[in-house]
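# Summary of structural features
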Amino acid sequence: MAADKTNPDGDTGVITKTRPKTERPPLYKVMLLNDDYTPMEFVIVVLERFFGISHQQAVDIMLTVHRKGLAVVGVFSYEIAETKVTQVMDFSRRNQHPLQCTMERE
Ligand code: TYC
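Described below are features of the structure shown in this document. This structure is a prediction, so every number in the text was calculated from the model and none was measured.

Thresholds, definitions, all that
Residues numbered from 1 in each chain as written. Predicted model: local features only at pLDDT ≥ 70, side-chain atom pairs only at ≥ 80, totals over all residues. Heavy atoms only, no water. Patch = residues over 30% accessible without salt bridge, like charges linked within 9 Å, V, L, I, M, F, W, Y side chains within 5 Å. Areas by Shrake-Rupley, 256 points an atom, 1.4 Å probe, with all protein chains shown as cover. Salt bridge = Lys/Arg side-chain N within 4 Å of Asp/Glu carboxyl O. Helix = DSSP H or I, 4+ residues; strand = E, 2+ residues; numbered from the N terminus. Buried < 20%, exposed > 50% of the residue type's maximum accessible area, 1.4 Å probe, protein only. Pairing = 2+ DSSP bridges. Axes fitted to C-alpha atoms, helices over the stretch in contact; angles between N-to-C directions. Contact = heavy atoms within 4.5 Å. Expected span 1.5 Å × (residues − 1).

Now for a nonpolar patch on the surface. Together, Leu27, Val72 and Val75 line one region of the surface with nonpolar side chains, adding up to about 220 Å² of accessible area. Inspection of the secondary structure puts leucine 27 in the segment before β1 (28-33). Leucine 27 sits in the partly exposed class, given a relative accessible area of 39%.

In structure tokens:
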């Protein structure tokens, strides 16, 4: 290869740019599912208590689940999402409600 200003020795080769691997960990959507038995007020308490959602937003999300069948409540790392699901499921069972909470990779 001919030498030029940027390649004074005329070397040939593949230029590889090393890019440091900083892949983000996957995120998980936590969702609430509708059912016919869990009281609306209980779902609102769940959203406030475990997701730190304001009362008005909790009402809105609960109504979205009620009308559409499900809603995403938040997006978290795997471990946080799993903790939220466990907390909601435990709290619901302890109060004898069939409320379902699930997680799904984004
Ligand atoms: N559909 C329930 C009712 O009419 C209310 C409800 C809302 C239940 C959201 C679950 O995730 C849920 N009492």
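Past the structure itself, the notes keep going.
Time to look at the sheet that holds strand β3 (residues 100-105). Spatially, three strands are ordered β2-β1-β3 in an open sheet, and the strand pairing comes out antiparallel. Each edge of the sheet is formed by a strand with only one pairing partner; in this case those strands are β2 (70-76) and β3. Within this sheet the neighbouring strands show an average axis-to-axis angle of 30 degrees, counted without direction. Of the strands in this sheet, β1 and β2 are in contact with helix α2 (residues 55-68), which crosses β2 at around 130 degrees.

A few words on α2. The terminal C-alpha atoms of α2, which comprises 14 residues, lie 20 Å apart, in line with the 20 Å expected from a rise of 1.5 Å per residue. Buried within α2 are the following residues: Ala58, Val59, Ile61, Met62 and Val65. Backbone geometry just after α2 places glycine 69 at a positive phi near 105 degrees.

These figures capture arrangement, not role.
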